[in-house]
Amino acid sequence: MDHGCLSFSISAPGKIILIGEHSVVYNKQGLASAIDKRTYLHFKEHRLAHDQITYNLLNKITEWDFRSVYNLITLDKPLAVGVKEFSIFTPELFRHDEFVDLIQEFVNQKVEEGTDAYKSLVGLFYIVLGMLWCTDVNMTPFDIEMMTDLTIGAGTGSSASFAACIAGAVYHYIRLKAFEKHGAGEFNISYEMFKPYKMTLSAHYCGFSEEDKEVINKWAYCVEKIMHGSPSGLDNTVCVYGNAVLINPLGRKEGESNLRPLSNFPTVRILLINSGIPRKTRDVVRKVADLKRSCPDAVGAVINAMGVVANEFIKNLMGIQDGAEPSPTQEEVFRQIEVTRLGTSWLGVLVCESVFTSLSYLFQTLIDLQQGLLNTIGVSHPRLEEICFITARRGLHSKLTGAGGGGYAFTLLPPDASEERVIQTTEDLRSAGFKVEDIVVNGEGIAIDFRKDVF
Ligand SMILES: Nc1ncnc2c1ncn2[C@@H]1O[C@H](COP(=O)(O)OP(=O)(O)OP(=O)(O)O)[C@@H](O)[C@H]1O
Ligand SMILES: C[C@@](O)(CCO)CC(=O)[O-]
């Protein structure tokens, strides 16, 4: 047992894309939300026991000689364009491909290329080496153990939640080590040849600030690039910030980020259904890119249509946030259902639910349209179509979520759907061999876990 060694746990949620998968890659608007299923990471430093870095990933343990990892970190080969400009805040300045090649070569000494564990380890070393390369802290050997509630490779953001956990853990480790060195206060934590980066250090943290999340999200995005090639950034942003995130919002001002974490989000209840068909996001995204290359105009038109459907869905859903001003369509709905308005304020959740109920025909139609368009670009699957068919028989509407090709679908449960209908639909799906969960979307973003029972 090492005394005085750092030990902590981090967790990050998975996500579902409510609307806009694939078309977001082509700069259309999309909306995703965190879900209450998480990936957990436990980090434990060990200064005395042994000279290994141990990773327990996906129940496979690998051990790495601390010296050889350390030598990679201290390597003077510049991997960032302009080292003087580089800091933990700017991973986007890395020569990403060159850095990934270096790490792949290292990981390949022990783990077979192309396996799940291989990609995860490359992601993990990218963060460990990249973050520690530019910071001035005394690294020691450590163990990392990870587990997840999420099904891996199924559309609920397992890779993004993995990436968020790793980035959050190494970032947290750095600030705790920097505190050991400097004590409390604001200090530059960059190594001398790099751009100074100031962090507020303290002995204890109960979470991550907005700026911490910004840094963590940038690194998590780099890992998503390793997993997927050219991701939109939506998945990792939801897993870091939690709640819900809009991508490519309309009316965005020049210079503003295309990702907008939202603090307010209406209650959306869904059935989350696993088709049981494995697939890899990278392959499905590539398939769409190939299709677009072969028929740019036709596929471009379908993607434009997907963008229009997403815009309409988002405009109406966001309009029913608590306290939001109603859109003209909702004003109309209000009049129809004769809900009393008090001054300019809404009547809370009850009103939200009323609006949601009266707009549910619109949402369900848009869900069907989007599923049809996703099928048109070849990212559905017979089992996903079967889910839509089964739920439609009970008057409910479903679409795939995430990259598709298999993985999960969800069924929107409007507030007026009777419990009996929900139970019958769930039974129908289960008897057709699907796994079904009844959930409310939303969830906390990356967090430090103080619960003792996680590992
Ligand atoms: N808990 C985990 N530990 C280690 N690696 C993980 C973990 N979760 C995911 N991964 C990595 O992520 C890959 C799966 O990523 P993929 O994007 O295909 O699925 P997803 O993230 O579940 O789907 P989507 O991107 O559509 O939400 C796995 O092959 C594995 O390398
Ligand atoms: C298919 C996709 O739109 C969502 C994957 O969860 C890819 C991306 O956004 O990077």
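Figured I'd write up the structure that's included with this text. (Residues numbered from 1 in each chain as written. Chains lettered and ligands numbered in written order. Predicted model: local features only at pLDDT ≥ 70, side-chain atom pairs only at ≥ 80, totals over all residues. Heavy atoms only, no water.)

### A few points about the overall build of the protein chain
Now for step 1: Scanning the protein chain for helices and strands turns up twelve helices and 14 strands.
Now for step 2: Of the roughly 19,600 Å² of accessible surface on the protein chain, 52% is carried by carbon and sulfur atoms. (Helix = DSSP H or I, 4+ residues; strand = E, 2+ residues; numbered from the N terminus. Areas by Shrake-Rupley, 256 points an atom, 1.4 Å probe, with all protein chains shown as cover.)

### Describing the site of ligand 2
Now for step 1: Near ligand 2 the following residues occur: Lys15, Ile17, Glu21, His22, Val24, Val25, Pro231, Ser232, Asp235, Val285, Gly402 and Ala403.
Now for step 2: In the model, an oxygen atom of ligand 2 is placed 2.9 Å from a nitrogen or oxygen of the His22 main chain.
Now for step 3: Burial of ligand 2 by the surrounding chains reaches 97%, relative to a free accessible area of 300 Å².
Now for step 4: Spatially, ligand 2 is embedded in the largest pocket.
Now for step 5: Taken together, the residues that form the shell around ligand 2 break down as six nonpolar, three polar and three charged.
Now for step 6: When we break the shell around ligand 2 down by domain, the ones giving at least three residues each are domain 1 (7-255 + 444-449) and domain 2 (265-440). (Near = heavy atom within 4 Å. Polar contact = N/O pair within 3.5 Å; in protein donor to acceptor, adjacent residues only side chain to side chain. 1 Å grid on protein atoms, 1.4 Å probe; cavity = no way out; pocket = protein on both sides within 12 Å on 5 of 7 lines; lining within 4 Å. Sits in = over half its atoms within 2 Å of the grid points. Nonpolar A, V, L, I, M, F, W, Y, C, P; charged D, E, K, R; others polar. Domains from an automatic or database assignment.)

### What about the sheet that holds strand 12 (residues 408-413)?
Now for step 1: If you walk across this open sheet you meet the four strands as 11-12-10-13, and the pairing is antiparallel. The open sheet is flanked by strand 11 (397-400) and strand 13 (435-440), the only strands paired with a single partner. Within this sheet the neighbouring strands show an average axis-to-axis angle of 25°, counted without direction.
Now for step 2: Direction of pairing for strand 10 (residues 269-274) relative to strand 13: antiparallel, over a ladder of six bridges. (Pairing = 2+ DSSP bridges. Axes fitted to C-alpha atoms, helices over the stretch in contact; angles between N-to-C directions.)

### Here we look at the pattern of salt bridges
Now for step 1: Considering all chains together, one arrives at 15 salt bridges under this definition.
Now for step 2: One salt bridge in this structure joins Arg293 and Asp290, with 2.9 Å as the shortest N-O distance. Taken together, the positions of Arg293 and Asp290, both in helix 7 (residues 281-294) and three residues apart, correspond to about one turn of that helix.
Now for step 3: Its relative accessible area of 39% is what places Asp290 among the partly exposed residues.
Now for step 4: Several salt bridges converge on common partners, so that one network encompasses Glu45, Lys177 and Glu180. (Salt bridge = Lys/Arg side-chain N within 4 Å of Asp/Glu carboxyl O. Buried < 20%, exposed > 50% of the residue type's maximum accessible area, 1.4 Å probe, protein only.)

### Some words on unusual backbone geometry
Residues other than glycine predominantly adopt negative phi, and peptide bonds predominantly adopt the trans conformation.
Now for step 1: Its identity is not glycine, yet His22 carries a phi of approximately 70°, on the positive side.
Now for step 2: Relative to the helices and strands, His22 is located in the loop between strand 1 (7-19) and strand 2 (30-45).
Now for step 3: If you check the backbone angles, Asn27 has positive phi at about 65° while not being a glycine.
Now for step 4: Along the chain, Asn27 turns up in the loop between strand 1 and strand 2.

### Quick look at the packing of helix 2 (residues 96-107) against helix 3 (residues 116-133)
Now for step 1: Direction vectors running N to C along helix 2 and helix 3 enclose 115°, while the axes themselves pass 9 Å from each other. In the crossing of helix 2 with helix 3, the sense of the turn from one axis to the other is right-handed. Where helix 2 abuts helix 3, its residues His96, Phe99, Val100, Ile103, Gln104, Phe106 and Val107 lie against Tyr118, Leu121, Val122, Phe125, Tyr126, Leu129 and Gly130.
Now for step 2: Grouping the amino acids of the contact of helix 2 with helix 3 by side-chain chemistry returns eleven nonpolar, three polar and no charged. (Left-handed = near helix turned anticlockwise from the far one by under 90°. Contact = heavy atoms within 4.5 Å.)

### Section: the site of ligand 1
Now for step 1: Looking at ligand 1, there are 23 residues lining it, with Lys15, Asp116, Ser120, His228 and Arg279 nearest.
Now for step 2: Ser120 has a polar side-chain atom sitting 2.7 Å from a nitrogen atom of ligand 1.
Now for step 3: Within the backbone of Ala154, a nitrogen or oxygen atom sits 3.1 Å from an oxygen atom of ligand 1.
Now for step 4: When atoms are counted within 2 Å of each cavity's grid points, the one that captures over half of ligand 1 is the largest pocket.
Now for step 5: Of all the elements in the fold, those that place two or more residues in the shell around ligand 1 are helix 3, helix 4 (158-182) and helix 5 (210-228).
Now for step 6: Per-class residue counts for the shell around ligand 1 are six nonpolar, eleven polar and six charged.
Now for step 7: Split by domain, the residues of the shell around ligand 1 number at least three in each of domain 1 (7-255 + 444-449) and domain 2 (265-440).

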